[in-house]
Amino acid sequence: MKLSFTKMQGCANDYIYLDCRASGVPADIAALAQRLSARHFSVGADGIICICAPVTPGADGRMRIFNADGSEAQMCGNGVRCVAEWLYTHGVAKPRLAIDTGAGCKTVTRMGARLWQVEMGEYTTMAAALPAVNMGEGPLVDCPLEVEGKRWQVTCIGVGNPHCVTVVEDVDSLKLEAIGPAFEHHANFPERINTEFVQVVDAAHLKMRVWERGSGETWACGTGACAVAVACVTLNNAGKRDEELKVIAKGGELKVTYRKDDSVILKGPATLVFDGVIDIPDKIVSK
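What you see is a predicted model; the values in this text were computed from it and never measured.

Cut-off values and rules
Residues numbered from 1 in each chain as written. Predicted model: local features only at pLDDT ≥ 70, side-chain atom pairs only at ≥ 80, totals over all residues. Heavy atoms only, no water. Helix = DSSP H or I, 4+ residues; strand = E, 2+ residues; numbered from the N terminus. Rg over C-alpha atoms; globule rule 2.2 N^0.38 Å. Buried < 20%, exposed > 50% of the residue type's maximum accessible area, 1.4 Å probe, protein only. Contact = heavy atoms within 4.5 Å. Areas by Shrake-Rupley, 256 points an atom, 1.4 Å probe, with all protein chains shown as cover. Salt bridge = Lys/Arg side-chain N within 4 Å of Asp/Glu carboxyl O. Pairing = 2+ DSSP bridges.

**Q** Any chance you could explain the overall build of the chain here in plain terms?
**A** A count of helices and strands for the chain gives 4 helices and 18 strands. Relative to the globule expectation of 19 Å for 287 residues, the C-alpha radius of gyration of the chain, 18 Å, shows essentially globular dimensions. By principal-axis analysis of the C-alpha atoms, the chain measures approximately 50 × 40 × 30 Å. For the chain, the residues scored as buried account for 53% of the 287 residues in total. Pairs at least 24 apart in sequence give 59% of the contacts found in the chain among residues at least 6 apart. Just so you have it, the chain exposes about 12,200 Å², and 50% of that area is on carbon and sulfur atoms.

In C-alpha cells form, the structure reads like this:
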C-alpha cells in the first residue's frame, strides 16, 4: 500500500502529516506512528499528525497527534501551526483559522510567510487537571519532587498537555536520556508527563530542553515553551505579564506571551520539509 504524506517542522519539532479529512484516521495509526517515526530506519519524526475533518461548527480542520510510541497526545503547539500552514497551502487560504484539537478548538493567525500565532487558551496548575497525585491539590508551583533519590523544585502546568518545569543553571550539561524517563514515568504522574529543563538567560530570554512523553527528547515543544514561560513569570525568574518572552529550544526560537487574563499566546514558524510517498505493508506490526 502506498501512503502519501507531508513532512513538516516547527523549530525542528518534526511530524509526518497525513490528510485524513476524507478517509479518516487509519485503523492501525498507533503501529503506523511507531513504524514511520523510527529515525534512521524510516521517514523519521517525533510522531504523526492526522489532519481531519472538523467537529466544531465553523472550524477549518481537526488535528490528532500520535507520538513516536503510538500514544495519542491532546495538543501540540508546534504541530497546530504546521496544520494551519498545510491547510493554508491546500485550499483554506484564510489568515485566521480555527482548528479542533484534543484540548479544544484553537485560533491560529497568520503573521507572515510560514509564521503563525496560536491562542493556546488558559493554563492550569491544579493537580486533578494534569493529573498529578501525592502532591496536594495545587496550585503546583515551586513544589519539591524526588526523582531517583534527587530533589528537584518543579512547577506543574497543564497547557493542553501536562508539563513539569524545573529551573537549572546549565541546561546544556544535562543528560536528558538518563533523567528524562524517570520524570516521564514518575508515580506522581499517572498519565505520564512532559518535562522541561529551563535556564534563565536574562529577563527576556529562556533556554530550554524538553523530554516529551512518548517521544523522548525533542528539539522543541510548543506547549512546553508556554509552560516554561508561565512558570518563570510566576516564579519571578524572567518576564512579565503581557510581555513577549523568547524561549530558545535546540531547534529554534519560540515567542510566548503570558497575558494578564491567564491566557497564553504562542508564536513561531511552520515549515514544509518535503512531500513523499512510502510503501507500507497492508498490515503493520508494531515494534
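After that view of the structure, there is still more to cover.
**Q** Got a minute to help me understand the pattern of salt bridges in this structure?
**A** Close approach of charged atoms allows side chains with opposite charge to pair. Scanning the model with the defined rule gives 15 salt bridges in all. Residue D46 is joined to R39 by a salt bridge in which the shortest nitrogen-to-oxygen separation is 3.0 Å. You can call D46 buried: its relative accessible area is 5%. With relative accessibility at 39%, the residue R39 sits in the partly exposed group. The partner of R64 in a salt bridge is E72, with the nearest N and O atoms 2.9 Å apart. By sharing partners, the salt bridges in this structure join K7, D14, R39 and D46 into a single network.

**Q** Could you clarify how one ought to interpret the pairing of strand β6 (residues 96-101) in this entry?
**A** Consecutive residues of a regular strand have side chains that alternate between opposite faces of the sheet. Across the 6 residues of β6, 5 count as buried, placing the element largely inside the fold. Here β6 runs beside strand β7 (residues 104-112); their pairing, made up of 6 bridges, is antiparallel. The residue bridging T101 from the neighbouring strand is G104, located in β7. Hairpin connection, β6 to β7: the antiparallel pair is bridged by 2 residues.

**Q** Help me understand the side chain of N78 in this model?
**A** By secondary structure assignment, the location of N78 is in helix α2 (residues 77-88). In contact with N78, not counting residues within four places along its chain, are G10, N13, A220, C221, G222 and L254.

**Q** Looking at this structure, I do not really get the environment of L235. What am I missing?
**A** Assignment of secondary structure puts L235 in the loop between α4 (222-234) and β15 (244-249). Since its relative accessible area comes to 26%, L235 is described here as partly exposed. Discounting chain neighbours no more than four positions away, the residues touching L235 are V141, D142 and T155.

**Q** How should I be thinking about unusual backbone geometry in this particular structure?
**A** Trans peptide bonds make up the majority, and among non-glycine residues the majority have a negative phi. The amide bond that connects L130 to the next residue, P131, takes the cis arrangement and shows omega of -5°. With respect to the helices, strands and loops of the structure, P131 is situated in the loop between β8 (115-122) and β9 (143-147). With phi around 60°, R114 is a residue other than glycine that occupies positive phi space. Structurally, the position occupied by R114 is in the loop between β7 and β8. The phi dihedral of R192 falls on the positive side, at around 70°, and the residue is not glycine. As for its placement among the helices and strands, R192 is situated in the loop between α3 (176-184) and β12 (194-202).

**Q** Would you mind showing me how to read the pairing of β15 here?
**A** Burial along β15 is one-sided: the face carrying L245, V247 and A249 is buried and the face carrying E244, K246 and I248 is not. Strand direction decides the pairing type here: strand β13 (residues 205-212) and β15, joined by 3 bridges, are parallel. Note that in β15 the partner of K207 across the bridge is I248. Where β15 meets strand β16 (residues 252-258), 6 bridges bridge the pair, whose relative direction is antiparallel. Pairing of A249 across the sheet is with G252, part of β16. Between β15 and β16, which pair antiparallel and follow one another directly, the connecting turn spans 2 residues.

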